[in-house]
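Here is how the chains run, residue by residue.
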Amino acid sequence: MFLKDYIEERAVKIAHYIIDSKATVRQTAKKFGISKSTVHKDMVDRLVQINPELAGEVRRVLDVNKQERHIRGGLATKEKYLHKSHNVYF
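Figured I'd write up the structure that's included with this text. Every value quoted in this text rests on a predicted model; they were computed, and no experiment measured them.

**Notes on the overall build of the protein chain**
Helix and strand counts for the protein chain stand at 4 helices and 0 strands. Each helix (α) and strand (β) of the protein chain, taken in turn from the N terminus, gives the series α-α-α-α. At 17 Å, the protein chain has a C-alpha radius of gyration far larger than the 12 Å of a compact globule built from 90 residues. Each of the three principal axes of the protein chain carries a C-alpha extent, and together these read 60 × 25 × 20 Å. Classification of the 90 residues of the protein chain by burial places 23% in the buried group. The long-range share in the protein chain, meaning contacts at least 24 apart out of those at least 6 apart in sequence, stands at 59%. Taken as a whole, the protein chain presents about 7,000 Å² of accessible surface, with 56% of it coming from carbon and sulfur. For the protein chain, the centre of its 18 positive side-chain charges and the centre of its 11 negative side-chain charges are spaced 10 Å apart.

**Overview of helix 1 (residues 3–21)**
Side chains three or four residues apart in an α-helix point the same way, a direct result of the helix having 3.6 residues per turn. A rise of 1.5 Å per residue sets the reference length of helix 1, with its 19 residues, at 27 Å; its end C-alpha atoms lie 27 Å apart and thus fit the reference within 8%. Of the residues making up helix 1, those classed as buried are Ile7, Arg10, Ala11, Ile14, Ala15, Ile18 and Ile19. One side of helix 1 holds all its buried residues, which, seen down the axis, span an arc of 160 degrees. Residues Lys13 and Asp20 are exposed on helix 1 and point more than 90 degrees away from its buried face. In this structure, the buried residues of helix 1 make contact with helix 2 (25–32), helix 3 (36–50) and helix 4 (52–83). Where helix 1 ends, the next residue or the one after it, Lys22, has phi of about 55 degrees, a positive value.

**Quick word on the packing of helix 1 against helix 3**
One can describe the packing of helix 1 onto helix 3 by two numbers: an axis separation of 9 Å at closest approach and a directional angle of 105 degrees. Judged by the inter-axis angle, helix 1 sits roughly perpendicular to helix 3. On helix 3, the residues that touch Ile7, Glu8, Arg10, Ala11, Val12, Ile14, Ala15 and Ile18 of helix 1 are Thr38, Val39, Asp42, Met43, Arg46, Leu47 and Ile50. Split by residue class, the contact of helix 1 with helix 3 holds 10 nonpolar, 1 polar and 4 charged.

**Remarks on the side chain of Thr28**
Tracing the sequence through the fold places Thr28 in helix 2. Overall, the relative accessible area of 0% leaves Thr28 in the buried class.

**With respect to the pattern of salt bridges**
For the coordinates displayed, the defined rule picks out 5 salt bridges. The closest approach of N and O atoms between Lys41 and Asp45, which form a salt bridge, is 3.3 Å. You can see Lys41 and its partner Asp45 sitting in helix 3, 4 residues apart, about one turn around the helix. Taking relative accessible area as the criterion, Asp45 reaches 37% and is therefore assigned partly exposed. The closest approach of N and O atoms between Asp42 and Arg46, which form a salt bridge, is 2.5 Å. Taken together, the residues Asp42 and Arg46, both in helix 3 and 4 residues apart, mark about one turn of the helix. Relative accessible area serves as the criterion here: at 0%, Asp42 is assigned to the buried category. On the accessibility criterion, Arg46 (28% relative accessible area) is partly exposed.

The rules behind each value
Residues numbered from 1 in each chain as written. Predicted model: local features only at pLDDT ≥ 70, side-chain atom pairs only at ≥ 80, totals over all residues. Heavy atoms only, no water. Helix = DSSP H or I, 4+ residues; strand = E, 2+ residues; numbered from the N terminus. Rg over C-alpha atoms; globule rule 2.2 N^0.38 Å. Buried < 20%, exposed > 50% of the residue type's maximum accessible area, 1.4 Å probe, protein only. Contact = heavy atoms within 4.5 Å. Areas by Shrake-Rupley, 256 points an atom, 1.4 Å probe, with all protein chains shown as cover. Lys, Arg positive; Asp, Glu negative; His and termini not counted. Charge placed at Lys NZ, Arg CZ, Asp CG, Glu CD. Expected span 1.5 Å × (residues − 1). Arc of directions from axis to C-beta. Axes fitted to C-alpha atoms, helices over the stretch in contact; angles between N-to-C directions. Parallel < 35°, antiparallel > 145°, perpendicular 65-115°, else oblique. Nonpolar A, V, L, I, M, F, W, Y, C, P; charged D, E, K, R; others polar. Salt bridge = Lys/Arg side-chain N within 4 Å of Asp/Glu carboxyl O.

Okay, structure coming up:
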């Protein structure tokens, strides 16, 4: 198998994962053991060449995730401070 074939297969696999699970780029990178940059490059550049229709579906999921990221960030910060010890030492 050529390297190009492997990369194309990975891009399609990642695309299906993102669509099925509505995963973020960060979650996808962790799941596949690759960098966020690689996930992004596969979805934005490579997948468009391989399967434009699939790329469009992924783009819609990623756009929703991007719109919601500030909400997730705020919730994560809230959780962090809810579980943080309130003992303050001077």
